[in-house]
Amino acid sequence: MSAKDHVTTTARGADLARQIVVLSAVSFMLIAAVIGAGAFGNTAVEGQQGGALDTDGSYLAPAGPAFSIWSLIYLGLIAYAVWQALPRQRGSERQRAMGWPIAVTMVLNGLWLVAARFGTLFLTVVVIVLLLAALGWAFRTAVATRDPRGGAVDSVLIDGVTGLHLGWVTLATVANTAAWLTTVVPPSWENAASAIGVAVLVVVALIGLALAWRSEWRVAPALALAWGLSWLAVERLTGSPTSTPIAITAIVVALVVLLPPAAVSGLRLIRPSID
């Protein structure tokens, strides 16, 4: 066997391994999700950790319907795993760049559910921060490797799904951390909860704008962030604990985060050459 043939064989083996790892990662994530949903008689996620992860666990927890976005993210990740396993995707340079980061996000997604079920609340914070970092890596790679001629499937299953995952987990990290802090800080801190919540949401606005700017104004992260912020506002207005200042700030931040990338996306539809 020549050196060239050896390199080709090695590359094919690595590509096949990557495809198998992605399929294994999505399988692990889905098993963890089914267990986390309480399908086998165990307590669902919102009832675990003493209810700290429920919608009333902190001032920065969104209302229940917000979490339906997970169905869309999971469907997207399943579709991606199947698509990337096709023979014609095996040697794709973009798949070589994206497969491993996305697999890591799937594994960490599942590990968060394991941590919520069997670990501590602080451990869930550690895992979700790692997940956020991995999603940042994955989305940055997606932006760097994006080919405008890649097609709609490539754009939706890589850029779109990864962006939605990143945007939602950005807000989920805030909510998860707030839930943990609520259990460890002195009760007297609740007097300043609204002020602290407003300050945190201002930081979320800056993060959301930074994500849009660094990703050349991709809209997917902003859509997920705005979705979660809108339901956070609903929960603070109609649920418990109630906070009108946090609710109003959440609505404003949702608009601030969403409008700039949405405007750029509109321009891209009018002028496809803008990518």
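Further up the page is the structure itself.
Residues numbered from 1 in each chain as written. Predicted model: local features only at pLDDT ≥ 70, side-chain atom pairs only at ≥ 80, totals over all residues. Heavy atoms only, no water.

Draft legend 1. Spatial organisation of the packing of helix H4 (residues 121-145) against helix H5 (residues 152-184). Where H4 meets H5, the closest approach of the two axes is 9 Å, and the angle between their N-to-C directions is 155 degrees. Classified by the angle between their axes, H4 and H5 sit roughly antiparallel to one another. Relative to H5, H4 is oriented so that their crossing is left-handed. Grouping the constituent residues of the contact of H4 with H5 by class yields 17 nonpolar, ten polar and one charged. (Axes fitted to C-alpha atoms, helices over the stretch in contact; angles between N-to-C directions. Helix = DSSP H or I, 4+ residues; strand = E, 2+ residues; numbered from the N terminus. Parallel < 35°, antiparallel > 145°, perpendicular 65-115°, else oblique. Left-handed = near helix turned anticlockwise from the far one by under 90°. Nonpolar A, V, L, I, M, F, W, Y, C, P; charged D, E, K, R; others polar.)

Draft legend 2. Seen up close, the packing of aromatic side chains. Applying the stated criterion across every chain, the model contains six aromatic pairs. Summarising the aromatic geometry, the rings of Phe122 and Trp180 are spaced 5.2 Å apart at their centres and angled 50 degrees between planes, so their arrangement reads as tilted. Taken together, the positions of Phe122 in helix H4 and Trp180 in helix H5 put the pair 58 residues apart, joining distant regions of the chain. For Phe122, a relative accessible area of 44% corresponds to the partly exposed category. Its relative accessible area of 24% is what places Trp180 among the partly exposed residues. Chaining the aromatic ring pairs together yields one cluster made of Phe67, Trp70, Tyr74 and Trp168. (Phe/Tyr/Trp six-rings, centres within 6.5 Å; stacked < 30°, edge-to-face > 60°. Buried < 20%, exposed > 50% of the residue type's maximum accessible area, 1.4 Å probe, protein only.)

Draft legend 3. How the structure looks around the pattern of salt bridges. Per the stated rule, a full pass over the model turns up seven salt bridges. Close ionic contact of Asp15 with Arg18 constitutes a salt bridge, the shortest N to O distance being 2.9 Å. One end of the pair, Asp15, and the other, Arg18, are both in helix H1 (residues 3-36), three residues apart, so they sit about a helical turn from each other. For the pair Asp15 and Arg18, one class covers both residues: buried. Taking the shortest distance from any N to any O, the salt bridge between Arg94 and Asp159 comes out at 3.1 Å. (Salt bridge = Lys/Arg side-chain N within 4 Å of Asp/Glu carboxyl O.)

Draft legend 4. Highlighting the nonpolar core. The biggest cluster of nonpolar side chains holds 45 residues, and the ones touching the most others in it are Leu77, Tyr80, Met98, Met106, Trp112 and Trp168. Elements with a contribution of two residues or more to this core: H1, helix H2 (69-84), helix H3 (93-118), H4, H5 and helix H7 (220-238). Of the residues forming this core, the biggest block, ten residues, is contributed by H4. (Core = buried A, V, L, I, M, F, W, Y, C linked by side-chain atoms within 4.5 Å.)

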